[in-house]
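# Notes for the structure review
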Amino acid sequence: MVNPLSIYIHIPFCRSKCAYCDFASYPGREDLWEAYFRALFSEIEQASDRERRVETVFFGGGTPSFVPVAFIGEALEGVAKAFDLAPGAEVTLEANPGTLTPEKLAAYRAMGVNRLSLGAQSFDAALLRDVGRIHTPEDVEAAVRMARAAGFENVSLDLMYALPGQAMNQWENTLRRAIELSPEHVSVYSLIVEEHTPIAARAPEIPDDDEVVEMQRLATALLEEAGYRRYEISNYAREGFRCRHNVAYWKRAEYLGFGAAAHSFFSGERFENPAGLEDYLAGRRRENRKRIFSAEAEEEAILLGTRMCEGISLSSFRSEFGRDFPAGREAAVQKLVEGGLAVLDRDAFFLTERGLELQSAAVLELL
Amino acid sequence: MAQFDQSRIRNFCIIAHIDHGKSTLADRLLEKTGVMKLRDMTDQVLDSMELERERGITIKSKAVRMSYQAPDGEVYELNLIDTPGHVDFTYEVSRALAACEGAVLVVDASQGIEAQTLANVYMALDHDLEILPVINKIDLPSARPDVVRHEIEDEIGLDTEGCPLVSAKQGIGIDEVLEAIVKVVPPPKGDVTAPLQALIFDSYYDNYRGAISSVRVQAGSVRIGDRIRMMAGGREFDVTEVGAFIPGGYFPTEALNAGEVGYIAASIKDIADIRVGDTITKADNPAKSPLPGYKPVLPMVYCGIYPADGADYESLRDALAKLRLNDAALSYEPETSVALGYGFRSGFLGLLHMEIIQERLEREFDLDLVTTAPSVVYKVVRTNNEVVMIDNPTNLPPVQEIAWMEEPFVDAQVISPQEYVGAIMELCQDKRGAFRDMKYVEGGRVVLHYDLPLNEVIYDFFDQLKSRTRGYASLDYELKGYVKSDLVKLDMLLNGEQCDALSIIVHRDRAYPRGRSIAEKLKDAIPRQMFEIPIQAAIGGKVIARETVKALRKDVLAKCYGGDITRKKKLLEKQKEGKKRMRQVGSVAVPSEAFMAVLKMD
């Protein structure tokens, strides 16, 4: 049996860049939309493999909900034509709450999108404005109502903490209002000030490590109390609503990325499309090709597997790498376990809540 | 070539306290005698090692030949043998002096006599050299040449009648110096027809000529084609070239005769075949006995040198071997440390020597090093009366096996303006010094003698002396002997595990403040890790100081990257690189700099 495939489609357009954004997204390039989508459709077509079962499709950006719905529809049709799109496939679309209308949502639903990931980020209007979001807290509430009305039964909210000037009570309020909307899934990301972003130039006063840890812990406490289970460092879901697409990444399943800046892991190789629109439109594809051999693959399995609360499955590790998990890392595992950062039981090796806060250091120890 | 005439040769060196202008005067002499065209001049031409120029000090001795046309119409061959000025390099000075008949003593017209001025003069007198005093820097507003002249007469007992007053910087008085050299320094003696005796006082490696000996010919002569023998080493070689050094190059001559200073090349591939202090003679007509050589030099300070990356061990070994070739004072042998892996215990003349070797290893050989705190050599008498010399605290026998310990003391001489006497005495007291005597000299200055423990001198004595006297005091010292002392081994524990590379031997009275200061420095040098790290200073298992490195608060990427895991991997690679530069002490990762933290003063 061939392993299932995941597909990522990048929409590198938005209305305006958020202050913290360092993703490939180009506002004000409506002139290139037509050309971009032509190129995208043909990239999908050329990768065609009718035998290959696709279990998840993810439209990310940029703001996929910013471009005309027809483009999304045609892309999804293209996927369905080129591959064996599973009837129960998870099809996610990232949407900015400030770009949605009932008509758009009905159209997405009709074309087969069944999961909506809303960039809510915060329920504090001033903070939203401050980081350059184009929507208000009320837009988020409206978006969720409209999504439900359109028939979406799987809605996720993205929230951000560690925003400049954000106080603990503001963060708590954001969490509570998100929970009131009763989404199936919540992602909680920490603001990372990346170089060469507008926010970095402002030298913002972001909460210190102590507060950041407290914010993360508050999120876990409130979300778990409301029935969401943390399943990855930044992700919480109600029973049965984990994001299957992201889980595929963390489990090192195969995925193909289409569009500018899209990454792929396919046939034992990692590769990516150029991030620049001109480069992508000039036909450059699948660059920085790198075959992942077993030593690096093991490192990836640890790097990604320890992000998930269920950790690294000992049996999958054995079947993939032909040896038992600690595999020469006994001392590091022992140190982590004795320090209360990790647990090694009969089935899995996983980090504790404290261990997840130090995941990078723990991984470094293990490699 | 003109008829060889010993009476027209002058072999001399220049001695001075550091910064009194020795190198500048040497430059002027070379310039004046036309050896150098002005356009070729860089400052300090004799100091060719990059490090020497940067620091303005002379590390290696060198010999340069000049041709001087005197007013009497005669042409003299002047051989200038450059010598280092710092107290650490006394050994090199002594080697150079043995090749001369005279010494030009440079004294700064404002500073007057300093500790090393005296030390160098005594050494020159030991070698029966004629001393020509020269007062330099007379152009400075603070110059007081008459006071300094009196100092020289009263303190050293030298006649200053006709003593040249010079500004090497401005080029004033240079002719007078050249003329005085010819008048004051006696020509060399030595029978040109006797069997060859040439004293090797230095060696170099030249890519084309092979290993080269710097020699002073005491008797006989040597020329191309001669078969020579190293009298102590026993090996024989055929001479391929003889001549004199001129700045930046070689000046081949037909022969080197008794009384001359120059070089001998003989296609010697292995520089180890040239032993400084050995005598070169001819194989077919050997001298009866070698010339008196040099006392083997004893390193005073030891430290562990380790490659920052264990993979560079071989390169470090090769680099040390190369430096050792023309630095007889450097010694090293392999050692291992639990914390640092494979490295070398290296011996040095002093802290400056140690610093210079470290810098040369890093610069000239592009090595990243981790060095441990310097240690002196302690004498340990065991309960079974066996005596062991300890240069590495790790090798100290267990306390119950030690009957007593002794530490090296030096005879230190400090010269300073009077107003700092109080501060100096306080410092010497602090450093466990024993007062010997004090003398007032010209110009409102004092000469203080103290017996000081060497381990205090190598710690921060010099820095303290300079700061407490606003840089006015000067220091010179020589090893005096061993004195019984209440010494203890101070260990540092990281997360309960002892780190051998951080142990030091200290006087019991010093243990507490040193332990506390090292613990504080380690706390700053060790980055936060996954767990809290207790740092303890302990003597024989008893903890005397404690600090804590708090655990990391968070270290995680809580950001959405989708399928792009390259960023996470890049970050990880960066962290891995950082980890490589850390040493693992038990469960604690310690950055290389932390081992140096022990060295840093407050």
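Please refer to the structure placed before this passage.
Keep in mind that what you see is a predicted model, and the values were worked out from it rather than measured.

On to the overall build of chain B. Tallying secondary structure elements over chain B gives 13 helices and 32 strands in all. A globule of 602 residues ought to have a C-alpha radius of gyration of about 25 Å, and chain B, at 27 Å, matches this closely. Each principal axis of the C-alpha distribution contributes one length, and for chain B these read about 85 × 60 × 55 Å. When the 602 residues of chain B are sorted by exposure, 57% land in the buried category.

Let us look at the interface of chain B and chain A. Contact with chain B, which involves 28 residues of that partner, is made by 43 residues of chain A. Run the count over chain B and chain A and you get seven salt bridges. Linking lysine 576 of chain B and glutamate 299 of chain A is a salt bridge whose minimum nitrogen-to-oxygen distance equals 2.9 Å. Where chain B meets chain A, there are 16 residue pairs in polar contact (both at pLDDT 80 or more). Among the elements that take part in the side of chain B that touches chain A, helix α12 (residues 566-580) of chain B stands out by supplying nine residues, more than any other. Counted by class, the side of chain B that touches chain A contains 11 nonpolar, six polar and 11 charged residues.

All names here are of chain A. Spatially, the three strands line up as an open sheet ordered β13-β15-β14, and their pairing is antiparallel. Of all the strands in the sheet, just β13 (312-313) and β14 (342-344) have a single pairing partner and so form its edges. When β13 meets strand β15 (residues 348-351), the two strands line up antiparallel, connected through two bridges. Residue pairing across strands places isoleucine 312 opposite phenylalanine 349, the latter belonging to β15. In this fold helix α13 (residues 330-338) packs onto β14 and β15, with an angle of close to 120 degrees to the strand it touches most, β14.

The next thing to look at is the packing of aromatic side chains. Throughout the structure, instances matching the rule amount to 24 aromatic pairs over all chains. Taken together, a centroid distance of 5.4 Å and an interplanar angle of 75 degrees make the contact between phenylalanine 435 of chain B and tyrosine 450 of chain B edge-to-face. Remark: tyrosine 450 of chain B occurs in strand β24 (residues 445-453) and phenylalanine 435 of chain B occurs in strand β23 (residues 434-441); sequence separation between them is 15 residues. According to the relative accessible area criterion, phenylalanine 435 of chain B is partly exposed, its value standing at 42%. Site record: aromatic cluster; members linked through ring pairs are Phe13, Trp33, Tyr36, Phe37, Phe41, Phe66, Phe71 and Tyr280 of chain A. Between the NZ or CZ atom of lysine 484 of chain B and the centre of the ring of tryptophan 404 of chain B, over which it lies, the distance is 4.4 Å.

Below, the discussion takes up helix α2 (residues 69-82) of chain A. Because the α-helix completes a turn every 3.6 residues, residues three or four places apart line up on one side. All names here are of chain A. With 14 residues, α2 should cover 20 Å at 1.5 Å per step; its first-to-last C-alpha distance of 20 Å lies within 8% of that length. Residues Phe71, Ile72, Gly73, Ala75, Leu76, Val79 and Ala82 constitute the buried set of α2. For α2, the secondary structure elements touched by its buried residues are β1 (5-11), α1 (33-46), β2 (49-61), β3 (83-95) and α3 (102-111).

Quick look at the packing of helix α11 (residues 294-305) of chain A against α12 of chain B now. α12 of chain B packs onto α11 of chain A with a crossing angle of 105 degrees between their chain directions and a minimal axis gap of 12 Å. By the angle between their directions, the pair α11 of chain A and α12 of chain B is classed as roughly perpendicular. Side by side, α11 of chain A and α12 of chain B meet where Glu296, Glu299, Glu300 and Leu303 of chain A of the first sit next to Lys568, Lys569, Leu572, Glu573 and Lys576 of chain B of the second. Along the lines of polarity and charge, the residues of the contact of α11 of chain A with α12 of chain B split into two nonpolar, no polar and seven charged.

All names here are of chain B. Burial of the side chains of strand β9 (residues 227-230) is restricted to one face: Ile228 and Met230 are buried, whereas none of Arg227 and Arg229 on the reverse face is. Relative to strand β15 (residues 279-282), β9 runs antiparallel, the two sharing three bridges. Bridge pairing links arginine 229 to threonine 281 in β15.

Basis of the calculations
- Residues numbered from 1 in each chain as written.
- Chains lettered and ligands numbered in written order.
- Predicted model: local features only at pLDDT ≥ 70, side-chain atom pairs only at ≥ 80, totals over all residues.
- Heavy atoms only, no water.
- Helix = DSSP H or I, 4+ residues; strand = E, 2+ residues; numbered from the N terminus.
- Rg over C-alpha atoms; globule rule 2.2 N^0.38 Å.
- Buried < 20%, exposed > 50% of the residue type's maximum accessible area, 1.4 Å probe, protein only.
- Contact = heavy atoms within 4.5 Å.
- Salt bridge = Lys/Arg side-chain N within 4 Å of Asp/Glu carboxyl O.
- Polar contact = N/O pair within 3.5 Å; in protein donor to acceptor, adjacent residues only side chain to side chain.
- Nonpolar A, V, L, I, M, F, W, Y, C, P; charged D, E, K, R; others polar.
- Pairing = 2+ DSSP bridges.
- Axes fitted to C-alpha atoms, helices over the stretch in contact; angles between N-to-C directions.
- Phe/Tyr/Trp six-rings, centres within 6.5 Å; stacked < 30°, edge-to-face > 60°.
- Lys NZ or Arg CZ within 6 Å of the ring centre and 35° of its normal.
- Expected span 1.5 Å × (residues − 1).
- Parallel < 35°, antiparallel > 145°, perpendicular 65-115°, else oblique.

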